[in-house]
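Spelled out from the first residue to the last, the chains are:
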Amino acid sequence: MAQSNTFKIGLILPMTGQQATTGRQIEAAAKLYMAQNGDMIGGKKVELIIKDDTSIPDVTKRLAQELVVNDKVNVLAGMGITPSALATAAIATQSKTPLVVMAAATSSITEASPYVVRTSFTLPQASVALADWAPKNGIKKVVTLVSDYGPGIDAEKFFKERMLFNGGQITESLRVPLRNPDFAPFLQKVRDLKPDALFVFVPSGAGAAVMKQFLERGMDKAGIKLIGTGDVTDDDQLNDMGDGALGVVTSHHYSAAHPSPLNKKFVDAFQKANKGLRPNFMAVGGYDGMRVIYEALKVTKGNGGGDALLAAMKGQIFESPRGPMFIDAQTRDVVQNIYLRKVERKDGQLYNIEFDVIKDVKDPGKAR
Ligand code: DHB
C-alpha cells in the first residue's frame, strides 16, 4: 500500500519500569478504541506504532525523533509523565506534528508547544476542587506530601493557595522523590505534626504504597485523614488496597464508577478485552485521545498535514466516559467536570463513588 494511504500514530508509552501501569492502561484503551471504530478512517488506513520509553525522557525524545524522521508518523501521542512530554514538545513544534498528551498533567505542558493537545487533566484542575471541599468539612490544618516534580509542584501550589483563600492552613509541605520513593520518613513526620488531614499527590501506580504505609503507621487511628487528587486512589490499584481505603475523599476527572451509560459500556468492554482489568484515568485519557485523533482525521481526510489536523483537534466537544469534555481551542487543554469522590464498597469491590461535581473546569494554571 502506498505511504500516503496510511495514517500513522506514534504512541510513546512507559511499557516497562516504574510507570508501566500507565503504559498498559493506555495501550489497552487505544486498542479498544480501534477495535470499536475500525482502522479505515477518512480514506486512510490507521496504523498504531507503540514504543516503550521506560519513562526516561531522553528515550522519549529519541523515539519521537525516530518516529517523525523514519516512520513519518502523522501524530505523536502518549507521554506517561511530564518530563517525557516536555522532552518531546520541541520535536512536535519543529516537525509540525500534533502531540496528543494522554497522561501527563502539569499545567505548563500545553504551553511548551503550539502542537500539544491534552486529553488527560491538570493537577491545578483537580486540586482546587478539593481545597474548596476540605475546610467546609472540618479539615482546617493540612500537611501536603507530593512527588517532587511538575505535577506535584502544581498540586502543592494550587491546593495551598486555595486552602489559604478559604481560611485553611498548610502546616508543612513535604516533597518526596519521583524515583524509588520511600514514604516512611515523611509519614513519620506527618504523624508528629498531627494535622487534620494529609493531602497527597503521587503519580499513577504509587498510590497503593502510600496507602499501605499510611495505614501501617496508624495515621488514620491517630485522627489524620488522607485526602488527595484521584491519582492516589487509582482505579488500577484501588480494589487491592483493602478496607483501610474506605472513606478516603479525592477529587478527579474520572472514576470507573462514573454512573453514565457510556461509561458502563466503556468499562464493560475494557474489562472484557483485558482479563477483567479495571480502566483507570490513564485509560480514559488514551481512549479520548484516540477519539480526538480519529475525528480530526475524518474531517481532514489526511489532507493539509499536521496544521490541518491540529486545527481539527481544537474545539472538539464530546461525551467521554468521564462525562462531557471539550478541547479549548485557545489553550488546547481539556475542559471537564471535576468530581469529589469517596471510596466505598459496591458489589463487593472498592470504588471511588462520586458525590459532588464542579462542572466545566478550565485549567486554573492558564489564568496567570
Ligand atoms: C503525571 C503522571 C501521573 O502518573 C499522574 O497520575 C499525574 C501526572 C505526570 O507526570 O504529569
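Residues numbered from 1 in each chain as written. Predicted model: local features only at pLDDT ≥ 70, side-chain atom pairs only at ≥ 80, totals over all residues. Heavy atoms only, no water.

1. As for the environment of Ser95
Position of Ser95 relative to the elements: it lies in helix H3 (residues 82-95). Between the alpha carbons of Ser95 and Val69 there is a distance of 8.9 Å; along the sequence they are 26 residues apart. A distance of 2.7 Å separates the side chain of Ser95 from the side chain of Thr97, its partner in a polar contact. (Helix = DSSP H or I, 4+ residues; strand = E, 2+ residues; numbered from the N terminus. Polar contact = N/O pair within 3.5 Å; in protein donor to acceptor, adjacent residues only side chain to side chain.)

2. Some words on the domain arrangement of the protein
Domain boundaries in the protein define domain 1 (3-121 + 259-332) and domain 2 (124-252 + 338-367). Inter-centroid distance (C-alpha atoms) of domain 1 to domain 2 is 27 Å. Taken together, the 30 residues of domain 1 in the interface contact 31 residues of domain 2. Summing both sides of the interface, domain 1 and domain 2 together bury roughly 2100 Å²; the carbon and sulfur share of this comes to 46%. It is Gln18, Phe121 and Arg278 in domain 1 that bury the most area against domain 2; as a group they hold 31% of the surface buried on that side. (Domains from an automatic or database assignment. Contact = heavy atoms within 4.5 Å. Buried area = accessible area lost by both parts, 1.4 Å probe.)

3. Digging into the site of the ligand
In the vicinity of the ligand, 14 residues are found, and the nearest of them are Thr82, Ala105, Tyr149, Ser204 and Asp231. Side-chain polar atom of Thr82 to an oxygen atom of the ligand: 2.5 Å apart, as the coordinates give it. Ala105 places a polar main-chain atom, nitrogen or oxygen, 2.7 Å from an oxygen atom of the ligand. Calculation on the ligand without its partners gives an accessible area of 290 Å², and the protein chains cover 100% of this total. Looking at the shell around the ligand residue by residue, the classes come out as 9 nonpolar, 4 polar and 1 charged. Two domains each provide a minimum of three residues to the shell around the ligand, namely domain 1 (3-121 + 259-332) and domain 2 (124-252 + 338-367). (Near = heavy atom within 4 Å. Areas by Shrake-Rupley, 256 points an atom, 1.4 Å probe, with all protein chains shown as cover. Nonpolar A, V, L, I, M, F, W, Y, C, P; charged D, E, K, R; others polar.)

4. Structural notes on the pairing of strand E14 (residues 334-346)
Sheet topology places strand E11 (residues 249-252) next to E14; 4 bridges connect them, and they run antiparallel. Paired with Val249 across the strands is Lys342, a residue of E14. When strand E13 (residues 323-327) meets E14, the two strands line up antiparallel, connected through 3 bridges. Within the sheet, the bridge partner assigned to Phe326 lies in E14 and is Val335. Connecting E13 to the next strand, E14, in antiparallel fashion are 6 residues, including Arg332 with a positive phi near 60 degrees. Of the pairings in the sheet, the one linking E14 to strand E15 (residues 349-361) comprises 10 bridges and is antiparallel in character. Bridging across to E15, Lys346 finds its partner in Gln349. What sits between E14 and E15 in their antiparallel hairpin is a turn of 2 residues, with Asp347 showing a positive phi close to 50 degrees. (Pairing = 2+ DSSP bridges.)

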